[in-house]
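Read off the chains here:
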Amino acid sequence: MADILQSIIADKATEIGRLQAAVSVDDLYATAVAHEPVSFREGIEHTGHGIIAEFKRRSPSKGWIHRDADPAAVAPGYEREGASAMSVLTDEKYFGGTLDDFRRVRSVTKLPLLRKDFVISEYQLHQAKAAGADAVLLIAAAISEDLCRRLAHIARSLGLETLLEIHSEEELSYLSDDITVIGVNNRCLGTFQTSLEASRYLAARLPRYVTRISESGIHSAADVVELMRAGYNGFLIGELLMREPDPPAALRALNKDITSLICNNQ
């Protein structure tokens, strides 16, 4: 399979160049969403089971997961059913999401929101801020270490927290003082295949001063409890919820099963 990440980044660079030419940073803030940032990190560590419920319509490997999903309907349900935070995909070509989806979610929930996209430029940080984000994703595999540090610093200056996504122990070098949340992606971004082995291997190698998240490839309450016991604070879950006709109901069932497993094993 071709390297999907390389294709996404090439297309993203073209997309951002086009958007910057059409809409200036000043224009972004002229129509910004009114929002007082809340802590993404604290939301994960101090509410519920640390579930970051994702709004995701499709993926490059699976195609459409929930094509007609309405963010304004799903988001309040996620909040009601105990999500600690939300992740909203804003890449349109590969994931079927938009910044308009993000704004609609922001308008109907007080949950901490992560703008999930392939961030490669400062402009995207301003987009996120103007749309009402609390946190942004930086993917180590997609950018250089120097660029990651610069973008994380700018994000912090804008009042945004950064979730640094890694796939290997070597990428821990991307951490900086501006990053306090780290995610291990169980999905290989070259092939989009998933395995929890990445999270299992890195669990003991992640620094304890950061909030630790396991992302993707989580298929059951048993997976969540295993990872929780390995030291992870949060669990980013998209497909497990979004493939169901009623994603909030799927979250309710997942949280119930997690609670049951924890209680039965104490």
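Above this note sits the structure.
Residues numbered from 1 in each chain as written. Predicted model: local features only at pLDDT ≥ 70, side-chain atom pairs only at ≥ 80, totals over all residues. Heavy atoms only, no water.

Student: Which parts of the structure should I look at to understand the sheet that holds strand β8 (residues 181-185)?
Tutor: Either a parallel or an antiparallel arrangement is found when strands of a sheet pair, and the pairing is made through backbone hydrogen bonds. The sheet built from eight strands closes into a barrel, its strands ordered β1-β4-β5-β6-β7-β8-β9-β10 with parallel pairing. For this sheet, the mean inter-axis angle between neighbouring strands, taken without regard to orientation, is 25°. One ladder, built from four bridges, connects strand β7 (residues 161-166) with β8; its direction is parallel. Bridge pairing in β8 links L163 to V181. Taken strand by strand, helix α4 (residues 71-80) contacts β1 (51-55) and β4 (85-89), and its axis lies near 170° from that of β1. Along the sheet face, helix α12 (residues 247-264) touches β1 and β10 (234-237) and points at about 160° away from the line of β1. (Pairing = 2+ DSSP bridges. Helix = DSSP H or I, 4+ residues; strand = E, 2+ residues; numbered from the N terminus. Axes fitted to C-alpha atoms, helices over the stretch in contact; angles between N-to-C directions. Contact = heavy atoms within 4.5 Å.)

Student: What is the right way to look at α12 in this model?
Tutor: Its 18 residues place the ends of α12 26 Å apart at the C-alpha level, agreeing with the 26 Å of an ideal helix rising 1.5 Å per residue. The set of residues buried in α12 consists of P247, P248, A250, L251, L254, N255 and I258. All buried residues of α12 lie within an arc of 150° about the axis, which places them on one face of the element. Exposed residues on α12 whose side chains face more than 90 degrees from its buried face are K256 and N264. Against the buried residues of α12 lie β1, α4, α10 (221-229), β10 and α11 (239-242). (Expected span 1.5 Å × (residues − 1). Buried < 20%, exposed > 50% of the residue type's maximum accessible area, 1.4 Å probe, protein only. Arc of directions from axis to C-beta.)

Student: Help me out: how do you make sense of the pattern of salt bridges in this one?
Tutor: Proximity of charged atoms lets side chains of opposite charge pair with each other. What the rule picks out here adds up to 19 salt bridges. Here E15 makes a salt bridge to K12, at a shortest N to O gap of 3.3 Å. Here E15 and its partner K12 are both found in helix α1 (residues 4-22), three residues apart, which amounts to about one turn of the helix. Classification of K12 as buried rests on a relative accessible area of 1%. For D70, the salt bridge is made with R104, and the minimal N-O distance between the two is 2.7 Å. Separated by 34 residues along the polypeptide, D70 in the loop between β3 (63-64) and α4 and R104 in helix α6 (residues 99-106) bring together distant segments of the chain. Because the salt bridges share partners, they merge into one network encompassing K12, E15, D91, R115 and D117. (Salt bridge = Lys/Arg side-chain N within 4 Å of Asp/Glu carboxyl O.)

Student: What's the story with α6 in this structure? I'm lost.
Tutor: Every α-helix carries 3.6 residues per turn, so stepping three or four residues along brings you back to the same face. Of the positions making up α6, those classed as buried are L99, D101, F102, V105 and R106. For α6, the angular spread of the buried residues around the axis is 150°, confining them to a single face. In this fold, the buried residues of α6 make contact with β1, α4, β4, β5 (113-116) and α7 (122-131). For α6, the capping residue at the N-terminal end is T98, with a side-chain oxygen 3.3 Å from the backbone nitrogen of D100. (Polar contact = N/O pair within 3.5 Å; in protein donor to acceptor, adjacent residues only side chain to side chain.)

Student: What's the story with the pairing of β5 in this structure? I'm lost.
Tutor: Consecutive side chains of a regular strand alternate in pointing toward one face of the sheet and then the other. Burial along β5 is two-sided: the residues L113 and R115 and L114 and K116 are all buried. Sheet topology note: the β4/β5 ladder contains four bridges and is parallel. By the bridge assignment for β5, M86 is matched with L113.

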